[in-house]
Amino acid sequence: MPSGKGANAVRCPFCNQDNTKVVDSRPVEDTNSIRRRRMCDSCGKRFTTYEKVETIPLSVIKKDQTREQYERSKIQDGVLRACYKRPIPIEKIEEMMDSIEGEIFNYEEHEIASTKIGEIVMEHLKDLDAVAYVRFASVYREFKDVSTFMDELKKFMN
């Protein structure tokens, strides 16, 4: 391991080496985080990392009233599924995820309902891409039949 780097050194996602350097740092708008562009000294590839201010853990209240710790990756997985094969640059999705997460943490509560998170995500998807919005809404709202689906489409069209 290179000198001066501990066990927490940032590893390259391409070659898994820990000799990376920061080439650019910027604050992320609307959140308490820093976006860092890094370059791997071994393979020369670039990648992005985000450094976040540590906050009090946030619990998500699920529909069945159970609680689990907030995980950005769960929202991101749903958003990526909704955006699958859509002409949306990954940078736009990352910006939207940062904005969603900023909104969630701006509530300054220790708990948030999963339904509230779903509504926040849908609001952001509505502005990003109509098809992604409808895909996410169809899973989130658990449409039981075509008429419920059509009702949601009508709301979106107005």
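The structure we're discussing is the one just above.
This section reports on the structure supplied with the text. Note that the structure is a prediction, hence the values are computed from the model and not measured.

1. Topic: the packing of aromatic side chains
Next, step 1: Taken as a whole, this structure holds two aromatic pairs when the rule is applied.
Next, step 2: Between Y70 and F105 the ring centres are 5.3 Å apart and the planes differ by 85 degrees, which places this aromatic pair in the edge-to-face class. One end of the pair, Y70, is in the loop between β5 (67-69) and α1 (72-82); the other, F105, is in helix α2 (residues 90-105), and 35 residues separate them in sequence.
Next, step 3: Look at Y70 and you get buried, because its relative accessible area is 12%.
Next, step 4: The aromatic ring of Y140 is capped on one face by K63, whose charged end is 5.5 Å from the ring centroid.

2. Some thoughts on the pattern of salt bridges
Next, step 1: Within this structure, the stated rule accounts for 10 salt bridges.
Next, step 2: For the salt bridge of R67 with E111, the shortest nitrogen-to-oxygen distance reads 2.5 Å. One end of the pair, R67, is in strand β5; the other, E111, is in strand β6 (residues 111-113), and 44 residues separate them in sequence.
Next, step 3: The partly exposed category is assigned to R67, whose relative accessible area is 47%.
Next, step 4: Between E68 and K74 there is a salt bridge; the shortest N-O distance is 2.5 Å.
Next, step 5: The partly exposed category is assigned to E68, whose relative accessible area is 28%.

3. So, the sheet that holds β5
Next, step 1: If you trace the three strands from one edge of the open sheet to the other, you get β5-β4-β6, paired in mixed fashion. The strands lining the two open edges of the sheet, one partner per strand, are β5 and β6. On average, adjacent strands in this sheet sit at an angle of 30 degrees to one another, irrespective of strand direction.
Next, step 2: Two strands pair when backbone bridges link them, and strand β4 (residues 59-61) and β5 are joined in this way by three bridges, in the antiparallel orientation. Among the inter-strand pairings, V60 is bridged to a residue of β5, identified as E68.
Next, step 3: The sheet contacts of helix α3 (residues 114-128) involve β4 and β6, and relative to β6 the element is tilted by about 65 degrees.

Calculation notes
- Residues numbered from 1 in each chain as written.
- Predicted model: local features only at pLDDT ≥ 70, side-chain atom pairs only at ≥ 80, totals over all residues.
- Heavy atoms only, no water.
- Phe/Tyr/Trp six-rings, centres within 6.5 Å; stacked < 30°, edge-to-face > 60°.
- Helix = DSSP H or I, 4+ residues; strand = E, 2+ residues; numbered from the N terminus.
- Buried < 20%, exposed > 50% of the residue type's maximum accessible area, 1.4 Å probe, protein only.
- Lys NZ or Arg CZ within 6 Å of the ring centre and 35° of its normal.
- Salt bridge = Lys/Arg side-chain N within 4 Å of Asp/Glu carboxyl O.
- Pairing = 2+ DSSP bridges.
- Axes fitted to C-alpha atoms, helices over the stretch in contact; angles between N-to-C directions.
- Contact = heavy atoms within 4.5 Å.

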